[in-house]
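Structure assessment
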Amino acid sequence: MKISITHLMQQKVVYKIELNKRQQKIIEIVKDNGPITGEQIADQLDLTRATLRPDLAILTMAGYLDARPRVGYFYTGKTGSQLLTEKIKKIKVAEFTSMPVVVQDSATVYEAICTMFLEDVGTLFIINKNGHLAGVVSRKDLLRASMGKQEINSIPINIIMTRMPNITYCFKEDFLLDIAHILIGKQIDGLPVVKHSQNETGLEVVGRITKTNITKAFVELAHDEIL
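These notes cover the structure that comes with them. Source: prediction; values computed, not measured.

Observations regarding the packing of helix 3 (residues 38-45) against helix 4 (residues 49-62)
- Running from N to C, helix 3 and helix 4 point in directions that differ by 110 degrees, and their axes come no closer than 9 Å. Here helix 4 runs roughly perpendicular to helix 3, going by the angle between their axes. Along its contact with helix 3, which presents Gly 38, Glu 39, Ile 41, Ala 42 and Leu 45, the element helix 4 presents Arg 49, Leu 52 and Leu 56.
- Of the residues contributing to the contact of helix 3 with helix 4, the split by class is 5 nonpolar, 1 polar and 2 charged.

Here it is as structure tokens:
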């Protein structure tokens, strides 16, 4: 397998890794004899430890094997679907956060519509003069406002926005799978990713997480097929 182990560990690049016959044989040896040292595995395959090192590194990174100092390698006993599930559950919001699109609460509905169109987003986050999250506006909110008889050039966006504390938001440290459940349950397109302001008086918008972001995460997982 012509893949640099150092490059594989350091770069966030998508690879499709298929186990070769030798790697499959290593798994069987470890299953039957683990914990077992790398030298002992090499002896059973009639290979040198150096020759075996890349295979052991790949199998360990992929989750098939685990290793303990002065103990050796042992089989994790996990199926491919279990390994994939564990990987999904560990993904944090920070890994797939997009840049937020924000509008001042002094803007008009017309200005918000123009911003949404130009930025090609489904949700706008409204901030106050302190830069803190004050509201959220969706496509449906803007469509509803534009269908009325009022002049949208004169309607303040803060009239139609969803306000705190009715805004659902998340933090970079949250798990992406949990946010996916929230988006599905609440039937919304996206959430603001926030952090507490320095003086703890409000929430600063630092990103957005949407159904598109989550779709991207699962597509990458599908291509990063190491099972």
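Here the narrative resumes.
What about the pattern of salt bridges?
- Under the defined criterion, the tally for this structure stands at 7 salt bridges.
- Lys 31 serves as the salt-bridge partner of Glu 28, at 3.9 Å between the closest nitrogen and oxygen. In this pair, Glu 28 and Lys 31 are both assigned in helix 2 (residues 21-33), 3 residues apart and thus about one turn of the helix distant.
- Glu 28 sits in the partly exposed class, given a relative accessible area of 37%.
- Given the relative accessible area of 40%, Lys 31 is considered partly exposed.
- Of the charged contacts in the structure, one is a salt bridge between Lys 195 and Glu 204, with a shortest N-O distance of 4.0 Å.
- Look at Glu 204 and you get partly exposed, because its relative accessible area is 26%.

Let's talk about the sheet that holds strand 6 (residues 162-163)
- Pairing in this open sheet of 4 strands is mixed, and the strands run 3-4-5-6 from one edge to the other. Every other strand in the sheet has two partners, leaving strand 3 (102-104) and strand 6 as the edge strands with one partner each.
- As paired elements, strand 5 (residues 133-138) and strand 6 share 2 bridges and run antiparallel to each other. Looking across to strand 6, one finds that Val 136 is bridged to Thr 162.
- This element, helix 6 (residues 109-119), spans strand 3, strand 4 (123-127) and strand 5 of the sheet and lies at about 130 degrees to strand 4.
- Here helix 7 (residues 139-146) sits on the sheet in contact with strand 4 and strand 5, set at roughly 75 degrees to strand 5.

The rules behind each value
Residues numbered from 1 in each chain as written. Predicted model: local features only at pLDDT ≥ 70, side-chain atom pairs only at ≥ 80, totals over all residues. Heavy atoms only, no water. Axes fitted to C-alpha atoms, helices over the stretch in contact; angles between N-to-C directions. Helix = DSSP H or I, 4+ residues; strand = E, 2+ residues; numbered from the N terminus. Parallel < 35°, antiparallel > 145°, perpendicular 65-115°, else oblique. Contact = heavy atoms within 4.5 Å. Nonpolar A, V, L, I, M, F, W, Y, C, P; charged D, E, K, R; others polar. Salt bridge = Lys/Arg side-chain N within 4 Å of Asp/Glu carboxyl O. Buried < 20%, exposed > 50% of the residue type's maximum accessible area, 1.4 Å probe, protein only. Pairing = 2+ DSSP bridges.

All we've got here are geometric facts, nothing functional implied.
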